[in-house]
Structures are given as C-alpha cells and as structure tokens.
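So the chains spell out like this:
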Amino acid sequence: MSRISVKGRRVWVTGASTGIGRAVTVELVRRGATVIVSARNEPALTELARECGEDRVIVLSFDVTDRRANQRAADEIHRRLGGLDLTFFNAGICEYVDVRKFDSALFERTMRTNFLSMVYGIEAVLPLLRQSPSPQLVGMSSTVAYGGLPRAEAYGASKAAIKNLFESLHIDLLSDGISVSVVCPGFVRTPLTDRNDFPMPFRIKADEAAKRIVDGIEAKRPEIHFPKRFSLPFKLLTLLPSRWYIGWCAKIVTQP
Ligand SMILES: NC(=O)c1ccc[n+]([C@@H]2O[C@H](COP(=O)([O-])OP(=O)(O)OC[C@H]3O[C@@H](n4cnc5c(N)ncnc54)[C@H](OP(=O)(O)O)[C@@H]3O)[C@@H](O)[C@H]2O)c1
C-alpha cells in the first residue's frame, strides 16, 4: 500500500493532554499536519497549542465517554476545518484488578473510557472520513491485547476489544477506501506507566513512541507495534500452548 505523508492533513488526536497523545501531536505538527487536540484537561491542551503554534493546533476539550460530546466535537471539526483526514483515538486509562476485591465498576469505567469512547468517536467521524481524499482511522490498543497478563483483566480486555474492533473495521472499510491501523505499544514512559509498581522491560520515551506511531501511520501499517525487542518475543510467547504461556506469566509475577 502506498505511503502517505501527514503534511497538510487535518488530524484529530484524543488523549492529547499528556503522554503519548501529546508527543504524537508534537510529531504530527513537526511533519506539517494541522491537529485538533482533545482531552478533559483544557489548560494542558492550551499550553500544547501555544507550544506548537495556535494556527496548527486547535483545542477541543471534552470527556470522550460522552457520546453526544463526541458528535459535537466532530461537528465542530467540520465547522472549523471543513473536514477531517485522520483520526487517532488514543485516550485511555489503566486500572489494575485485585481479584481479592473483584469490582465490576472498575471494568465499567475501563471499558467505557478505553473501548466505548472509541465506538462513539468512530460513529461521529465516519461521515467526515468518507468525504476525505485520504482517510485514515487509527486506534490505540497495547501489546497486552496479544495475551492476558496479571492484574490486567479489565485493561487487557479493553485493549483486546479495541484490536479486534479495528481488525474488523479494516476489512469492512476497505470498500470505502478508509485505511485502518491499530497501535500496540509495549511500555512507554508516561504518567500512566509512572504509576506502575512492577518492572517494565524496554520502556521507551514518549517522543520515540510518537515517531514510530507517525511512521506507521504514514506507511499505512495495519498494526503498529514497538519496541520490536519487546513486542515480537511477547507475540511469540502467546503462540505457545496456553498451559506454557500461563505458566510463564505465573513465574514472572507475584501478587502483591
Ligand atoms: N504508556 C504505555 O506504556 C502504553 C502502552 C500501551 C498502550 N498505551 C495506551 O496509550 C494511550 C495513552 O496513554 P499514555 O500512556 O500516554 O497515558 P496518559 O499520559 O495517562 O494519557 C492518557 C490520556 O487520555 C486522556 N483521557 C483519559 N480519560 C479521558 C476521558 N474520559 N476523556 C477525555 N480524555 C481522557 C487523558 O487526558 P485528561 O486526563 O486530560 O482527560 C490523557 O490525555 C492509552 O490508551 C493507553 O492505554 C500506553
């Protein structure tokens, strides 16, 4: 499939106030895109727009778990930019499960923020993307989508759901000419992983992750996974018989 530069394209990034979404916005602007940035923290988005240039970054602050707010955001993008070429649905949260205090509310929060928010966003942007000459839809999953990991019952399930959703969309949107990619990073240094209390092998910086994501988007890769020294061995492990894979996970983990 032919490579396409992000230069001159109209891009929407959710979860842009910190971490990977912020770094991806900086990289997109550096490569010549105009970026609409969303998250709840409006002052952080305004600061990002000031840093990147207010003619290149437009702030649209809202809560992605609100279906109508997603629709309003898409309407506003249409009004401000006349359309949209590329969407990176990246907003997400990570909460770990304690099976001794199994709490379904945690699962609801996680699925609503990570998965349902993307469904609302996709519903809102598909009509805009269908009018673009070079439409692309990109969603943030994780390497945890490849196989269950300890304490990741909710987070991992939400990321596996996203990966599956984007693979189906890839097939079903081929006839509309919409290119679809799913992003599966290993560990990236952000406020989300700064809270983790376990070793994070091969954790990379957010600006390095951003370069790999934008490279993958420009190459229209169906699955953008990195760092390969982590994602490839982990993929291989999940191909082992379940008994071996689970045995390996059980060995590296101790429940706190
Ligand atoms: N860091 C990693 O190692 C890693 C690895 C694999 C996948 N990921 C995924 O990458 C994405 C970004 O994570 P990150 O590491 O960059 O974490 P982060 O720094 O905590 O960023 C999360 C972003 O999501 C936004 N967000 C959360 N809930 C929201 C809501 N209800 N409405 C609107 N925005 C919301 C946050 O903004 P506000 O709080 O301002 O709303 C923030 O901008 C997540 O989907 C995460 O699961 C991260």
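The structure we're discussing is the one just above.
Being a predicted model, the structure only gives us computed values, none of them experimental.

Calculation rules
Residues numbered from 1 in each chain as written. Predicted model: local features only at pLDDT ≥ 70, side-chain atom pairs only at ≥ 80, totals over all residues. Heavy atoms only, no water. Near = heavy atom within 4 Å. Polar contact = N/O pair within 3.5 Å; in protein donor to acceptor, adjacent residues only side chain to side chain. Areas by Shrake-Rupley, 256 points an atom, 1.4 Å probe, with all protein chains shown as cover. Helix = DSSP H or I, 4+ residues; strand = E, 2+ residues; numbered from the N terminus. Expected span 1.5 Å × (residues − 1). Bend = angle between axes of the 7 residues up to and from the residue. Buried < 20%, exposed > 50% of the residue type's maximum accessible area, 1.4 Å probe, protein only. Contact = heavy atoms within 4.5 Å. Phe/Tyr/Trp six-rings, centres within 6.5 Å; stacked < 30°, edge-to-face > 60°. Salt bridge = Lys/Arg side-chain N within 4 Å of Asp/Glu carboxyl O. Pairing = 2+ DSSP bridges. Axes fitted to C-alpha atoms, helices over the stretch in contact; angles between N-to-C directions. 1 Å grid on protein atoms, 1.4 Å probe; cavity = no way out; pocket = protein on both sides within 12 Å on 5 of 7 lines; lining within 4 Å. Points joined across faces, edges and corners; volume = space filled by probe spheres on them. Nonpolar A, V, L, I, M, F, W, Y, C, P; charged D, E, K, R; others polar.

Novice: Tell me what's going on with the site of the ligand, and back it up with residues and numbers.
Specialist: Lining the immediate environment of the ligand, one finds 31 residues, of which Ser 17, Arg 40, Tyr 155, Val 188 and Thr 190 sit closest. Backbone polar atom of Gly 15 to an oxygen atom of the ligand: 3.1 Å apart, as the coordinates give it. Val 188 is positioned with one of its backbone polar atoms (N or O) 2.7 Å from an oxygen atom of the ligand. Taken by itself the ligand offers 890 Å² of open surface, and the protein chains cover 93% of this.

Novice: Quick rundown of helix H4 (residues 104-129)? Include the residues and the values.
Specialist: Because the α-helix completes a turn every 3.6 residues, residues three or four places apart line up on one side. For H4, spanning 26 residues, the distance from its first C-alpha to its last is 35 Å, which sits close to the expected 38 Å at 1.5 Å a residue. Most pronounced at Arg 112, the bend in H4 amounts to some 40°. The N-cap residue of H4 is Asp 103: its side-chain oxygen and the backbone nitrogen of Ala 105 are 3.0 Å apart.

Novice: An account of the environment of Asp 66 is requested, with residue identities and associated values reported.
Specialist: Note that Asp 66 resides in the loop between strand S3 (57-59) and helix H3 (67-81). The class of Asp 66 is partly exposed, set by a relative accessible area of 34%. If we skip the residues at most four places from it in the chain, Asp 66 touches Arg 72 and Tyr 120. A distance of 3.0 Å separates a polar atom in the side chain of Asp 66 from the backbone nitrogen of Arg 68.

Novice: Any chance you could break down the packing of aromatic side chains for me, citing the residues and the numbers?
Specialist: Counting across every chain of the model gives ten aromatic pairs. On the basis of an interplanar angle of 20° and a centroid distance of 6.0 Å, the ring pair of Phe 230 and Phe 234 is categorised as stacked. Placement of the pair is Phe 230 and Phe 234 together in helix H8 (residues 228-238), with a separation of four residues, close to one helical turn. Judged by relative accessible area, which is 14%, Phe 230 ranks as buried.

Novice: Residue-level account of the environment of Ile 93, with values.
Specialist: Note that Ile 93 resides in the loop between strand S4 (86-89) and H4. For the pair Ile 93 and Met 111, spaced 18 residues apart in sequence, the C-alpha to C-alpha distance is 9.4 Å. Not counting the four nearest positions on each side in its chain, Ile 93 is found in contact with Arg 109, Thr 110, Thr 113, Asn 114, Tyr 155 and Leu 192.

Novice: Go over the side chain of Thr 14 with me, naming the residues and quoting the values.
Specialist: You can see Thr 14 is positioned in strand S1 (residues 10-14). A residue is classified by how much of its surface remains accessible, and Thr 14, at 2% relative accessible area, is buried. A distance of 3.1 Å separates a polar atom in the side chain of Thr 14 from the backbone nitrogen of Ala 91.

Novice: Before we move on, can you summarise the pattern of salt bridges with the specific residues and values?
Specialist: Tallied over the entire structure, the rule returns 20 salt bridges. Arg 203 is the partner of Asp 194 in a salt bridge, and the nearest nitrogen-oxygen pair spans 3.2 Å. A single network of salt bridges, built from pairs that share partners, joins Arg 3, Glu 27, Arg 30, Arg 31, Asp 215 and Glu 218.

Novice: Hey, could you go over the sheet that holds S4 for me, with residue numbers and the actual values?
Specialist: Read across the sheet, seven strands follow the order S3-S2-S1-S4-S5-S6-S9 without closing on themselves; strand pairing throughout is parallel. Every other strand in the sheet has two partners, leaving S3 and strand S9 (223-226) as the edge strands with one partner each. On average, each strand axis in the sheet is inclined to that of its neighbour by 15°, with strand direction left out of account. Relative to S9, strand S6 (residues 179-185) runs parallel, the two sharing four bridges. Each bridged residue has a counterpart across the sheet, and for Cys 184 the counterpart in S9 is His 225. Lying on the sheet, H4 is in contact with S1, S4 and strand S5 (136-140); it crosses S4 at an angle near 175°.

Novice: So what about empty space enclosed by the protein? Which residues, and what values?
Specialist: As enumerated under the stated definition, the model contains two cavities of 30 Å³ or more in all. In this structure, the largest cavity occupies an estimated 50 Å³ of space. Forming the boundary of the largest cavity are Thr 14, Val 64, Asn 70, Phe 89, Asn 90, Ala 91, Ser 117, Met 118 and Gly 121. The biggest single contributor to the lining of the largest cavity is H4, with three residues. Of the residues assigned to the lining of the largest cavity, the class counts are four nonpolar, five polar and no charged. Roughly 30 Å³ of volume is contained in the second largest cavity. A total of four residues in the lining of the second largest cavity trace back to one element, the largest contributor, which is H3.

Take it as geometry only, folks, not as evidence of what the structure does.
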